[in-house]
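Topology and contacts: notes
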Amino acid sequence: MACNVLLVEDDALSRRNLVIYLQQSAHNVVQTDTGEAAIELMSQVEFDVVISDLRLPGRINGMDVLRHHSQMLPGKRLILLTAFGSDKTRAEAEAIRAIYYEKPISMEDLLGSVETLP
């Protein structure tokens, strides 16, 4: 089943690779590189899944993006990606029921998380 996915990643190459992989798996992907733009997109489109990098340019980080989506549409899939993992960040992600991945990530694991029903 195709999902509407919001991908928030500031690294252009990583974002491109993730978009290609998700689209090849028949998912609809909207992409952006800032938390501010992600929040704006969430006000316009209902996403089944939000995947966000933790560290983003601007004032809104990836955890803020996921919290916002969780409040707007509880029960949707949330995935946090980070190259700067910590137990604290993992605990924060788990507190909002987000799946936590440290980079580099397995594309198969990510796809499984996107496609698994909440």
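1. So, the packing of aromatic side chains
A complete count under the given rule lists 0 aromatic pairs for this structure. If you follow Arg55 out to its NZ or CZ, it ends over the ring of Phe84, 3.8 Å from the centre.

2. Thoughts on the pairing of strand β2 (residues 28-32)
Pairing geometry for strand β1 (residues 4-8) and β2, over 5 bridges, is parallel. Each bridged residue has a counterpart across the sheet, and for Leu7 the counterpart in β2 is Gln31. Handedness of the β-α-β unit built from β1, helix α1 (residues 12-24) and β2 comes out right-handed.

3. Quick word on the side chain of Glu9
Here Glu9 shows up in the loop between β1 and α1. Those residues in contact with Glu9, other than ones at most four positions away along the chain, are Ser14, Arg15, Thr32, Asp33, Asp53, Leu56 and Lys103.

4. Let's talk about the packing of helix α2 (residues 35-42) against helix α3 (residues 62-72)
Where α2 meets α3, the closest approach of the two axes is 10 Å, and the angle between their N-to-C directions is 15°. Classified by the angle between their axes, α2 and α3 sit roughly parallel to one another. Every pair of crossing elements has a handedness; the one defined by α2 and α3 is right-handed. For the pair α2 and α3, the contacting residues are Gly35, Ala38, Ile39 and Met42 in the first and Val65, His68, His69 and Met72 in the second. Tallied by class, the residues present in the contact of α2 with α3 amount to 5 nonpolar, 3 polar and no charged.

5. What to know about the environment of Ile96
Relative to the helices and strands, Ile96 resides in the loop between α4 (87-95) and β5 (99-102). Spatially, the C-alpha atoms of Ile96 and Leu66 are 8.0 Å apart, while their sequence positions differ by 30 residues. With sequence-adjacent residues up to four places away left out, Ile96 is seen in contact with Met63, Leu66, Arg67, Ser70 and Leu78.

6. A word on the packing of α1 against helix α5 (residues 107-115)
Two measures define how a pair of helices packs: the angle their axes make with one another and the distance between the axes. α5 packs onto α1 with a crossing angle of 60° between their chain directions and a minimal axis gap of 11 Å. With respect to α5, the element α1 is oriented oblique. For the element pair α1 and α5, the recorded crossing hand is right-handed. Of the residues in α5, those touching α1 at Asn17, Leu18, Tyr21 and Leu22 are Met107, Glu108, Leu110, Leu111 and Val114.

7. Considering the side chain of Thr89
By the element assignment, Thr89 lies in helix α4. Non-local contacts of Thr89, meaning those with residues more than four positions away in its chain, are made with Leu54, Met63, Leu80 and Tyr100.

Conventions and cut-offs
- Residues numbered from 1 in each chain as written.
- Predicted model: local features only at pLDDT ≥ 70, side-chain atom pairs only at ≥ 80, totals over all residues.
- Heavy atoms only, no water.
- Phe/Tyr/Trp six-rings, centres within 6.5 Å; stacked < 30°, edge-to-face > 60°.
- Lys NZ or Arg CZ within 6 Å of the ring centre and 35° of its normal.
- Pairing = 2+ DSSP bridges.
- Helix = DSSP H or I, 4+ residues; strand = E, 2+ residues; numbered from the N terminus.
- Right-handed = clockwise from strand over helix to strand, strands pointing away.
- Contact = heavy atoms within 4.5 Å.
- Axes fitted to C-alpha atoms, helices over the stretch in contact; angles between N-to-C directions.
- Parallel < 35°, antiparallel > 145°, perpendicular 65-115°, else oblique.
- Left-handed = near helix turned anticlockwise from the far one by under 90°.
- Nonpolar A, V, L, I, M, F, W, Y, C, P; charged D, E, K, R; others polar.

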